[in-house]
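# Examination of the molecular architecture
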Amino acid sequence: MPRCRSRRPHARFRSLNTTPLHAPLPRFSPAGGLPPPIAGDTAVIPPGVTLLLDVTPPPLYAIIVQGALVFEDARDIGLDATYIIVNGGTLQVGTVDEPFANRATITLRGHMKSLELPLFGAKVLAVHHGTLDLHGVQHARIWTRLSTPAGWGESTLRLQDPVTWPVGASVAIATTSTFPSETEERVIAAVSSDGRTLTLTAPLAFYHEATDYTYPGNRTLSMRAEVALLSSNVRVQGDEDPYNVLDLYGGQIMLRTAADLPVVGRISNVELYRVGQGYNYGHYPVNFDQIGDASASFIRRVTVRESYARGFVLHGVTRMTLEGNMAYRVMGNGYFIAEDAAETGNVVKDCLALTIAPSESLLNLELQPAAFFVSHPSNDLVGNAAVGSAGEGFA
């Protein structure tokens, strides 16, 4: 499959022809034709072309996907860029039926003075028209609760529900005191055969409750620490530049369209890390913005952690499903389903907000943020949990 490349900075790189029926997919590596782009290039995948990403290319300036960019699930793959724009095409890291089994890491690079694109800004994975599929190794759940208390000095967690979390993964154990700082992070050393017991690599520093209290009227309050999976084999992250931490400038996923162009985002079992942009309103870890009916889209079992600006955001969106997700160590509202109170028919089910901190870089109301902020009553919130919010649980 012929392709071309220029070595000028921010050069245009494109596949020239479409893929014939039943022909092998063209590849990003030299085996696919001409050498791939060099660091700082702009790569363009034109309409009608499906390109298989089979190597980790050098950091690019921009990637424009008008055809399809598919991560090959044969090895660990990385992709670095300042802008990744899906405009009429598809970006695919696994599918619902065949989730990505190896490790895929998309790193978004940039800083506060990076050139901002209209609508989308910078340091962004954006979908203006097309489809985004991101699917890591599937787990039935990414958070559960303790079945028995876990005390100071213990390194074993007994869980209410069985899990399939891998050894070496990071977990958070929620505080059950009045101190959010007693939420702890640990690494899994072993998982029992029934999936209900985790052995940790280091003992706990605090006590975590797991008790049911019964009150008059046969009412029961379950006070049990949540235990949540933090890591995934598919990660979208902001770069590691320490100045971006000071500037609150992380990566972002934004799906936004104009002229009613179709946009679909299906995201499951993915980790979003060092994300959101403070002092830059409208740029959040994952933001479905003004796309109307989103019944074909969903976010399931996704972790947003270390966010500088909110967690999960729906603006001008109806009929979308958020299920089994977690917002952890988020500045501002954890789940924000609001704009002009036009967001209706959305379902937020079995989601967790853990350690929600105030923000001085967003709206004034986020000086006392809510774990879940929903402006219209015609949305369904079922089975959700809020822990350690600096403001309110549900607003």
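We now examine the overall build of the chain. Looking only at helices and strands, the chain has one helix and 34 strands in total. Expected size for 395 residues packed as a compact globule is a radius of gyration near 21 Å; at 22 Å, the chain falls within 12% of this value. With respect to the three principal axes, the spread of C-alpha positions in the chain is 75 × 45 × 40 Å. A separation of at least 24 residues holds for 66% of the contacts in the chain among residues at least 6 apart in sequence. Of the roughly 16,200 Å² of accessible surface on the chain, 54% is carried by carbon and sulfur atoms. Treating the 30 positive side-chain charges of the chain as one cloud and the 37 negative ones as another, the clouds have centres 6 Å apart.

To find leftover empty space, one rolls a probe the size of a water molecule over the atoms. Tallying each qualifying case throughout the model produces one cavity of 30 Å³ or more. Space inside the largest cavity adds up to approximately 40 Å³. As for the largest cavity, its lining consists of Lys 123, Gly 238, Asp 239, Asp 241, Asn 244, Val 245, Tyr 249, Gly 250, Arg 274 and Tyr 308. Within the lining of the largest cavity, the residues separate by chemical class into three nonpolar, three polar and four charged.

Per-residue confidence for the chain gives a mean pLDDT of 91; residues scoring 70 or more make up 92%. Across residues 1–23, where pLDDT falls below 50, the model places 69 contacts with residues more than four positions away in sequence or in other chains.

This brings us to the sheet that holds strand S10 (residues 143–145). Strand order in this open sheet of six strands is S10-S17-S12-S13-S14-S11, and the pairing throughout is antiparallel. Each edge of the open sheet is held by one strand with a lone partner, namely S10 and strand S11 (156–158). In this sheet, adjacent strand axes meet at a mean angle of 35 degrees when their direction is disregarded.

Of the pockets and cavities examined, the largest pocket occupies roughly 290 Å³. As for the largest pocket, its lining consists of 16 residues, of which Met 223, Arg 224, Glu 226, Ala 386 and Val 387 are closest to the centre. Mapped onto the lining of the largest pocket, the elements with two or more residues apiece are strand S16 (219–224) and strand S33 (385–389). Take the lining of the largest pocket: its biggest share by element is five residues, from S33. Taken together, the residues that form the lining of the largest pocket break down as six nonpolar, seven polar and three charged.

Counting through the fold element by element, Asn 269 comes out in the loop between strand S20 (263–268) and strand S21 (271–275). Dropping the residues within four chain positions of it, Asn 269 is found in contact with Gly 136, Val 137, Gln 138, His 139, Ile 142, Ser 232, Arg 300, Arg 301 and Val 302.

On the surface, a nonpolar cluster with roughly 350 Å² of combined accessible area is contributed by Tyr 213, Tyr 215, Leu 221 and Met 223. Listing elements by their share of the nonpolar patch, those giving two or more residues are strand S15 (210–215) and S16. Considering the arrangement of structural elements, one finds Leu 221 in strand S16. Judged by relative accessible area, which is 39%, Leu 221 ranks as partly exposed.

To continue, consider the pattern of salt bridges. A complete count under the given rule lists 15 salt bridges for this structure. A salt bridge links Glu 306 to Arg 329; the nearest nitrogen and oxygen atoms lie 2.7 Å apart. Of this pair, Glu 306 sits in strand S24 (residues 303–307) while Arg 329 sits in strand S27 (residues 326–331); the two residues are 23 residues apart in sequence, bridging distant segments of the chain. For Glu 306, a relative accessible area of 21% translates into the label partly exposed. Salt bridges sharing partners connect three or more residues here, namely Asp 80, Arg 109 and Glu 240.

Here S15 runs beside S16; their pairing, made up of six bridges, is antiparallel. Across the sheet, residue Asp 212 finds its bridge partner in S16, namely Ser 222. Counting the residues that bridge the hairpin from S15 to S16 gives three residues, and of these Gly 217 lies at a positive phi of roughly 90 degrees.

Our focus in this paragraph is the pairing of strand S7 (residues 77–93). Along S7, 13 of the 17 residues are buried, which leaves the element largely enclosed by surrounding structure. Here three bridges tie strand S6 (residues 68–71) to S7, and the two strands are oriented parallel to one another. For Ala 68, the partnering residue across the bridge sits in S7 and is Thr 90. Note that S7 and strand S9 (residues 124–135) share 10 bridges and pair parallel. Looking at the pairing, Leu 91 lines up with Leu 132 of S9.

Calculation notes
- Residues numbered from 1 in each chain as written.
- Predicted model: local features only at pLDDT ≥ 70, side-chain atom pairs only at ≥ 80, totals over all residues.
- Heavy atoms only, no water.
- Helix = DSSP H or I, 4+ residues; strand = E, 2+ residues; numbered from the N terminus.
- Rg over C-alpha atoms; globule rule 2.2 N^0.38 Å.
- Contact = heavy atoms within 4.5 Å.
- Areas by Shrake-Rupley, 256 points an atom, 1.4 Å probe, with all protein chains shown as cover.
- Lys, Arg positive; Asp, Glu negative; His and termini not counted.
- Charge placed at Lys NZ, Arg CZ, Asp CG, Glu CD.
- 1 Å grid on protein atoms, 1.4 Å probe; cavity = no way out; pocket = protein on both sides within 12 Å on 5 of 7 lines; lining within 4 Å.
- Points joined across faces, edges and corners; volume = space filled by probe spheres on them.
- Nonpolar A, V, L, I, M, F, W, Y, C, P; charged D, E, K, R; others polar.
- pLDDT = per-residue confidence, 0-100.
- Pairing = 2+ DSSP bridges.
- Axes fitted to C-alpha atoms, helices over the stretch in contact; angles between N-to-C directions.
- Patch = residues over 30% accessible without salt bridge, like charges linked within 9 Å, V, L, I, M, F, W, Y side chains within 5 Å.
- Salt bridge = Lys/Arg side-chain N within 4 Å of Asp/Glu carboxyl O.
- Buried < 20%, exposed > 50% of the residue type's maximum accessible area, 1.4 Å probe, protein only.

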